[in-house]
Structure formats: C-alpha cells, structure tokens
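Next come the chains, spelled out residue by residue.
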Amino acid sequence: MTTQNEHADVLIIGGGPGGYTAAIRSAQLGLDTVLVERAELGGVCLNWGCIPTKALLHGADTLRSITQAGRLGFTTGELGIDLSALVRYSRDVADRLSQGVAGLMRKNGVRVIAGEAALTGKGEVSVTPVAGKASEVSAADQTFTADHVIVATGARPRALPGIVPDRERIWTSAEALIPTDVPEHLLIVGSGAIGSEFASLYRDLGARVTIVELADQNLPVEDPEVSAVVRRSFERRGIEVHTGSHLEQVESTADVVTAVLVSGDGSRTEVRADRLLIAAGVQPNTEGLGLEPLGCELTDRGHFIAVDEWGRTNVAGLYAIGDVAGPPCLAHKAAHEGVATVEHLAGVRSAQPVDRDWIPGATYTHPEVASLGMTEPQARAAGHELNVGHMPFVANGRAIGIDDTEGFVKVIYDAASGELLGAHLVGPNVTELLPGFSVLRALEGTAEDLEHVVFAHPTLSETMHEATLDALGIPLNQ
C-alpha cells in the first residue's frame, strides 16, 4: 500500500461537535483544514447520544400526553407502542443531521478523511484509512504535517470494575438507544444526566426502573433542591432511586442480570433485572493517539489531556478540545472550545476563551432540569453573601394552562453586587428558559437589571422574573 504525504495548516482528529465546529471556523479563517474521523461525522453526541436520545424522549413525551388527554376531555382507545418505529425515527433524525455535517464540510472546503489518526511526531500525523461514513475516503495510508493539530476524540462510557457490557443483558448507552423490546425491569448504574434521562424514558415506555447512585444525591452535580424535586417525581412515577449505594457480584445469564445492592448503611439486597445499563460517566479516548511519546501531559484525575484556556497542551502546536480535554463533557462546551482554539491559533484579536465554570447544563428528564453557575452550597462555600429567590411553576399561569406545574426556578445572586452566581431550574421546558440567564451573565447584568425587564404574559419565562423579584425581597405573584 502506498503512502501519500500532505501538509495542512490545521489537522483535526475527531469529527464530533468540537472537531467539526473547529474545522468550519478554521476554514472560514482561510486555513487549509483537514478533519480525520474514524466513524460517523457528528461524533457520539449526534449519532449515539444527545440527538437520538432526545428523539426517543420526544416519543415518550407524546405517549405521556396521550395517556393524560382525558384530563382535557379527549377520549382515546387502547394504546400500543411500535418500538421499532420509534427507534427508526431516532436513527433517521441522527442520520439526517450527520449528513448535514457532511454538507457543511463540503460547503466550507474542509477535507474529510475517514481513518484512524495517530501522532508520529510534533506536527506529524499518520492516517490509516477505514471504511466509514466520512465524506472523503482514501485508499492509502496518508502522512500529514500540520502547523497545528487539534485532538477532539471525545470520550466513551466509563467502565466499572466487575461489570462488563455484553450488549445483550448489560448495556451501555448505545444499546439502550436501539432496544428490540422494552425490558420488564431496567437496572441503571448512575443517576447523572444520561442515567436519569434513560430512567425517565424507559419508565414512560412501561419498564420498571431502578437507579443505583454512589453519590449521596441523584443528579450529583445539580443543586440539591433540584435533585430532590426530580427524585420525588421519579418515585411518584414508580422509579426506585437508591443513593449512597453501589452494586456488587453482578452476574449476567441468558435470561437475567443478578446483582447485590449495597446500601449506605451496609445492608445488602439481591436485585434481578432484565437489563442493566451502565451510565456512570465517561472516560477520554486518548489511547492509540501517540500522546505518550510526545510527552503530552495528562491530568491526574481521569487521564484527560491537560490544556490551558486556549486548548493548548504542553506540546507546541498540539491542542485538545471537548470531552478529551476534561469536564464538563458536553457538546456545546466542545463546540465553543473549538472556535476559541482556532481563533486563538489564527490570531483573531476578538477570540475569547471558554469559561468552564459557566457552561449551561440541560437534562431532558420529566421534569426537565437546567442549570448554570454555582449551586447554593458552592456559592456559600465560596464566601458569598447571597440573595436567593424561587418561583414555583404551580403559581405560573402558563404552567397551569398547559397542566405542567411541577418544579421551580431558583436564582442565586451576590447580595452586595447583584451579580448572578447561579440559576437552577426544574420543570416544563426549562432547558429553553436557561439561555436567558446565560445572556444576563454574559452582559454582566444584575438582579436589578432583570427586575426592570418586561416579560410577556402568560409565559413560563415569567418565573425567571418572579424568582429574581423574590431574591430582591419584592415578589409580586407568590
């Protein structure tokens, strides 16, 4: 097999949200750009994570709406679920968007190579072709030199000792996205965003669901008040939630998964389930990239690639963005890091680094969860005097009208300056409300500034205003 030698200004390894966004911005800035992807363009998020999960959850929301239609005077007959059709819908959504990414690559003149990439020296990358879905496939090995190499290889589900996925009884999130049937009992390890979303989904589809979480609260990164609302909601729906607990002696047979649930008090209970889903975080895809021979520094915790605010590693000309560069492992964080890194290396004067402390979070359970900034315990631990405000959806006209009143909006302001320190929302469509707080923060607005904003009535967004008024001690509608 012959080897082709080429040069690029920027070579990006990985075509997920961070990689393909970086490629677009790089090409827009006039840089000769190569993107190497070994599987589907769009990465895990688009193909096996964020997007298909939300498509399935849309199906669950639709089912829930139909089953509750009687409250509004509608009569429905017996309902059935064609699971294969719902899965096919979610796959079609992912495929459509992946094709869209390929179109963006062509539109912007990015050269896309379907292959496995490895660093063979500073600014040197070897690419071995693979049969993939990338838009350009080379039949020969290629060696690139590049002025700048950006690693955007993402992450994969974190492995747990003693629990080995077999794709039949013990699932990762990939298998949970393409089920052939709804398990009678689904046991989930981990109650973060991924585990909680699948718990909500499968419960709506009719499964009995049990969640096991090692931390003392479900949704461990969220504000405790928000986590408590979700837990109560889950338990009312019949979802069992075990925090401060872990599994031991996990065994899988052709018919059942058996494990021992060890609670915080040391009590032990045998649990039998049709499927076990591992949703206990992610680990970075750093193996096989050739980082070690270059002396590329990894973090002590999690072995992510260590970077500065611009994505620069300790190796000249080598950068890392997205999940592989450390938490929070979120698609929108990766995309913005991609833009910031490319603009910085290209010398764009207006480039701004990404502040990882202000990455919004969105979890599409029922009820939805959205968060930004510090939780209340974190803000108090940081020494701030706080003005904290709440607005429950049960007092919001729009929420009452759509018959979805569970949850609240919580805001945390610095008492002296009025600076927004955190916003934590749980309830209907809160993932669409959260950007308002992101804009307030970006524009350095204060609680007093938001106080004078006129919100349309009746809208769910009025809860943002009322929560702020509550923080200022002048609530009007509660």
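One can find the structure itself at the top, above this paragraph.
Because the structure is a prediction, the values reported are computed rather than measured.

Draft legend 1. Region of the structure containing the overall build of the chain. Each helix and strand counted, the chain has 15 helices and 21 strands in total. Taking 478 residues into account, the globule formula puts the C-alpha radius of gyration at 23 Å, and the chain, at 24 Å, falls close to it. Dimensions of the chain, computed from C-alpha atoms along their principal axes, come out at roughly 70 × 60 × 45 Å. Evaluated residue by residue, the chain yields a buried proportion of 50% over its 478 residues. Residue pairs in contact within the chain that sit at least 24 positions apart in sequence constitute 62% of those at least 6 positions apart. Distance from the positive charge centre (35 side chains) to the negative charge centre (62 side chains) of the chain: 3 Å.

Draft legend 2. Quick look at the packing of helix 1 (residues 17-28) against helix 4 (residues 83-108). For the pair helix 1 and helix 4, interaxial distance at closest approach is 9 Å and the crossing angle is 15°. When the axis of helix 1 is compared with that of helix 4, the two are roughly parallel. Crossing of helix 1 over helix 4 shows left-handed handedness. Mapping the contact onto sequence places Tyr20, Ala23, Ile24, Ala27 and Gln28 in helix 1 and Val101, Leu104, Met105 and Asn108 in helix 4.

Draft legend 3. Inspection of the nonpolar core at higher detail. Ranked by size, the top nonpolar core spans 32 residues in total, and within it Ile188, Phe198, Leu201, Tyr202 and Val209 carry the most contacts. Mapped onto this core, the elements with two or more residues apiece are helix 3 (50-67), helix 4, strand 8 (185-189), helix 6 (193-204), strand 9 (208-212) and helix 7 (224-236). Those residues in contact with Val209 that sit more than four places away from it in its chain are His185, Leu186, Ile188, Ala199, Tyr202, Arg203, Gly238, Ile239 and Glu240.

Draft legend 4. Region of the structure containing the packing of helix 3 against helix 4. Contact geometry for helix 3 and helix 4: axes closest at 8 Å, N-to-C directions at 145°. Of the two possible hands of crossing, helix 3 and helix 4 adopt the one that is right-handed. Of the residues in helix 4, those touching helix 3 at Ile51, Pro52, Ala55, Leu56, His58 and Gly59 are Leu86, Val87, Tyr89, Ser90, Arg91, Val93, Ala94 and Leu97. Per-class residue counts for the contact of helix 3 with helix 4 are 10 nonpolar, three polar and one charged.

Draft legend 5. Fine view of helix 7. The terminal C-alpha atoms of helix 7, which comprises 13 residues, lie 18 Å apart, in line with the 18 Å expected from a rise of 1.5 Å per residue. Along helix 7, the residues classified as buried are Val226, Ser227, Val229, Val230, Ser233 and Phe234. Seen end-on, helix 7 carries its buried residues on one side only, within an arc spanning 160°. At the N-terminal end of helix 7, a side-chain oxygen is found 3.1 Å from the backbone nitrogen of Glu225, two or three residues along, and the residue is Asp223.

Draft legend 6. Highlighting the state of the cysteines. The tally for this structure, following the rule as stated, stands at one disulfide. The disulfide partner of Cys45 is Cys50, and the gap between their sulfur atoms is 2.3 Å. Given an S-S torsion of about -130°, the disulfide between Cys45 and Cys50 has left-handed geometry. Judged by its relative accessible area of 17%, Cys45 is buried. The thiol sulfur of Cys296 is not disulfide-bonded, and the nearest other cysteine sulfur, from Cys329, lies at 16 Å. The thiol sulfur of Cys329 is not disulfide-bonded, and the nearest other cysteine sulfur, from Cys50, lies at 11 Å. Taking relative accessible area as the criterion, Cys329 reaches 26% and is therefore assigned partly exposed.

Draft legend 7. Region of the structure containing helix 9 (residues 331-345). Compared with the 21 Å implied by 1.5 Å per residue over 15 residues, the 21 Å span of helix 9 between its first and last C-alpha is a close match. Within helix 9 the residues assigned to the buried category are Lys333, Ala334, Ala335, Glu337, Gly338, Ala340, Thr341, Val342, Glu343 and Leu345. Positive backbone phi, approximately 80°, marks Gly347, located one or two places after helix 9.

Draft legend 8. Geometry of the pattern of salt bridges. One pass over the structure, following the stated rule, counts 24 salt bridges. For Glu235, the salt bridge is made with Arg231, and the minimal N-O distance between the two is 3.1 Å. Remark: Arg231 and Glu235 occur in helix 7; sequence separation between them is four residues, near one turn of the helix. Take Glu235: its relative accessible area is 40%, and that puts it in the partly exposed class. Owing to a relative accessible area of 24%, Arg231 belongs among the partly exposed residues under this scheme. Where Glu337 meets Arg356, a salt bridge forms, and the shortest distance between an N and an O atom there is 3.1 Å. Of this pair, Glu337 sits in helix 9 while Arg356 sits in the loop between helix 9 and strand 17 (361-363); the two residues are 19 residues apart in sequence, bridging distant segments of the chain. In the salt-bridge network here, residues are joined through shared partners; they are Asp223, Glu225, Glu376, Arg380 and Lys410.

Draft legend 9. Main features of the environment of Ile321. Inspection of the secondary structure assignment puts Ile321 in the loop between strand 16 (318-320) and helix 9. C-alpha separation for the pair Ile321 and Val110, spaced 211 residues apart in sequence, amounts to 18 Å. Not counting chain neighbours up to four residues away, the residues in contact with Ile321 comprise Gly18, Gly19, Ala22, Ile150, Val151, Ala152, Ala334, Glu337, Gly338 and Thr341.

Analysis parameters
Residues numbered from 1 in each chain as written. Predicted model: local features only at pLDDT ≥ 70, side-chain atom pairs only at ≥ 80, totals over all residues. Heavy atoms only, no water. Helix = DSSP H or I, 4+ residues; strand = E, 2+ residues; numbered from the N terminus. Rg over C-alpha atoms; globule rule 2.2 N^0.38 Å. Buried < 20%, exposed > 50% of the residue type's maximum accessible area, 1.4 Å probe, protein only. Contact = heavy atoms within 4.5 Å. Lys, Arg positive; Asp, Glu negative; His and termini not counted. Charge placed at Lys NZ, Arg CZ, Asp CG, Glu CD. Axes fitted to C-alpha atoms, helices over the stretch in contact; angles between N-to-C directions. Parallel < 35°, antiparallel > 145°, perpendicular 65-115°, else oblique. Left-handed = near helix turned anticlockwise from the far one by under 90°. Core = buried A, V, L, I, M, F, W, Y, C linked by side-chain atoms within 4.5 Å. Nonpolar A, V, L, I, M, F, W, Y, C, P; charged D, E, K, R; others polar. Expected span 1.5 Å × (residues − 1). Arc of directions from axis to C-beta. Polar contact = N/O pair within 3.5 Å; in protein donor to acceptor, adjacent residues only side chain to side chain. Disulfide = S-S within 2.5 Å. Salt bridge = Lys/Arg side-chain N within 4 Å of Asp/Glu carboxyl O.

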